[in-house]
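# Structure at a glance
As a plain string of letters, each chain reads:
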Amino acid sequence: TIFIIFTIFLFGVIFYYGTENMQKASSFYGERLTTSSDNNYTSFRIDEMNDFFSLSSWDDLVFGRGFGGSHNYGIWGDMPHGMNMAHFGFLHLILKGGIILLLLIYGLAFYCMVKLFKLEKASRPFAYVILLYLIYELSHVRFMDFSYLIFLLPSISYALSSSRVI
């Protein structure tokens, strides 16, 4: 299992950094969280985040709008019932369960990642799965994507099943 996960990860890294187009695209990754207006093809995500934080009430930010909650910010402004997701992963968690849900899920992920790094070396690929998931969450919501969750949830379960306490 670890060999298969490592092979998939290695293939992805080679493919990503091995092509010239992917190398050019990787330089834009950091700009997704800093660029606004018309300077970037992902600027609507920044506008969505800015509108969400400036127009939401404190109740929405702390407790969220529930799992059926939606918003009309950014490019979703003309939708009558709003959109039930947000583009950035952390923003999606705040939309659904507020900062409380964000701290619960990210706190659990960081706790399990640290615990896996402190265990034997065979546990480190599971820690890398959690780390990669958290990095992917910065660009687009992955918490509702089953293909990512089938790797994330077993990694967290493995960390929690270990008897060693950090």
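Residues numbered from 1 in each chain as written. Predicted model: local features only at pLDDT ≥ 70, side-chain atom pairs only at ≥ 80, totals over all residues. Heavy atoms only, no water.

## Some points on the overall build of the chain
- A count of helical and extended segments in the chain gives seven helices and zero strands.
- Order of helices (α) and strands (β) in the chain, N terminus to C terminus: α-α-α-α-α-α-α.
- Expressed as a percentage of its 166 residues, the buried residues of the chain come to 37%.
- Expressed as a percentage of contacts within the chain between residues at least 6 apart in sequence, the contacts between residues at least 24 apart total 56%.
- For the chain, the exposed area adds up to about 10100 Å²; of that, 68% sits on carbon and sulfur atoms. (Helix = DSSP H or I, 4+ residues; strand = E, 2+ residues; numbered from the N terminus. Buried < 20%, exposed > 50% of the residue type's maximum accessible area, 1.4 Å probe, protein only. Contact = heavy atoms within 4.5 Å. Areas by Shrake-Rupley, 256 points an atom, 1.4 Å probe, with all protein chains shown as cover.)

## Re the packing of aromatic side chains
- All told, the structure shown has four aromatic pairs when counted by the stated rule.
- Look at phenylalanine 117 and tyrosine 128: their rings are 5.3 Å apart centre to centre, the planes differ by 80°, and that puts the pair in the edge-to-face class. Here tyrosine 128 lies in helix H6 (residues 124-139) and phenylalanine 117 lies in helix H5 (residues 89-118), a separation of 11 residues in the sequence. (Phe/Tyr/Trp six-rings, centres within 6.5 Å; stacked < 30°, edge-to-face > 60°.)

## Some words on the pattern of salt bridges
- Under the defined criterion, the tally for this structure stands at one salt bridge.
- Across the pair aspartate 60 and arginine 65 runs a salt bridge, and its minimum N-O distance is 3.2 Å.
- We classify aspartate 60 as buried; its relative accessible area is 19%. (Salt bridge = Lys/Arg side-chain N within 4 Å of Asp/Glu carboxyl O.)

## Overview of the packing of H5 against helix H7 (residues 146-161)
- Where H5 meets H7, the closest approach of the two axes is 9 Å, and the angle between their N-to-C directions is 65°. Relative to H7, the crossing made by H5 is left-handed. Contacts between H5 and H7 involve Leu108, Tyr111, Cys112, Lys115 and Leu116 from the former and Ser155, Ile156, Tyr158, Ala159 and Leu160 from the latter.
- Residues of the contact of H5 with H7, tallied by class, amount to eight nonpolar, one polar and one charged. (Axes fitted to C-alpha atoms, helices over the stretch in contact; angles between N-to-C directions. Left-handed = near helix turned anticlockwise from the far one by under 90°. Nonpolar A, V, L, I, M, F, W, Y, C, P; charged D, E, K, R; others polar.)

## Structural notes on the side chain of histidine 87
- Within the secondary structure, histidine 87 is located in the loop between helix H4 (58-63) and H5.
- In this structure the side chain of histidine 87 is engaged in a polar contact, spanning 3.0 Å, whose partner is the side chain of glutamate 48.
- Setting aside its immediate chain neighbours within four residues, histidine 87 contacts Phe44, Arg45, Glu48, Ile75, Trp76, Ser139, His140 and Val141. (Polar contact = N/O pair within 3.5 Å; in protein donor to acceptor, adjacent residues only side chain to side chain.)

## Some remarks on a nonpolar patch on the surface
- On the surface, Phe3, Ile4, Ile8, Phe146, Ile150 and Phe151 cluster together into a nonpolar patch covering about 670 Å² of accessible area.
- Looking at the nonpolar patch, the elements with two or more residues in it are helix H1 (2-18) and H7.
- By the element assignment, isoleucine 150 lies in helix H7. (Patch = residues over 30% accessible without salt bridge, like charges linked within 9 Å, V, L, I, M, F, W, Y side chains within 5 Å.)

## Focus: the confidence of the model for the chain
- Residues at a pLDDT of 70 or more form 76% of the chain, whose mean pLDDT is 78.
- Mean pLDDT per element in the chain: helix H2 (residues 20-26) is the minimum at 54, and H4 is the maximum at 92. (pLDDT = per-residue confidence, 0-100.)

## Examining the packing of H5 against H6
- Closest axis-to-axis distance for the H5/H6 pair is 9 Å, and the angle between their directions is 155°. When the interaxial angle is binned, H5 and H6 end up roughly antiparallel. Considering how the two elements wind past one another, H5 and H6 form a crossing that is left-handed. Side by side, H5 and H6 meet where Gly89, Phe90, Leu93, Tyr106, Ala109, Phe110, Cys112, Met113, Leu116 and Phe117 of the first sit next to Arg124, Phe126, Ala127, Tyr128, Ile130, Leu131, Leu134 and Glu137 of the second.
- Taken together, the residues of the contact of H5 with H6 break down into 15 nonpolar, one polar and two charged. (Parallel < 35°, antiparallel > 145°, perpendicular 65-115°, else oblique.)

## Examining the environment of asparagine 72
- When you line up the elements, asparagine 72 lands in the loop between H4 and H5.
- Each C-alpha atom of the pair asparagine 72 and glutamate 48 lies 8.8 Å from the other, and the pair is 24 residues apart in sequence.
- Every residue in contact with asparagine 72, bar those within four places of it in the chain, is listed here: Gly77, Met79, Pro80, His81 and Gly82.

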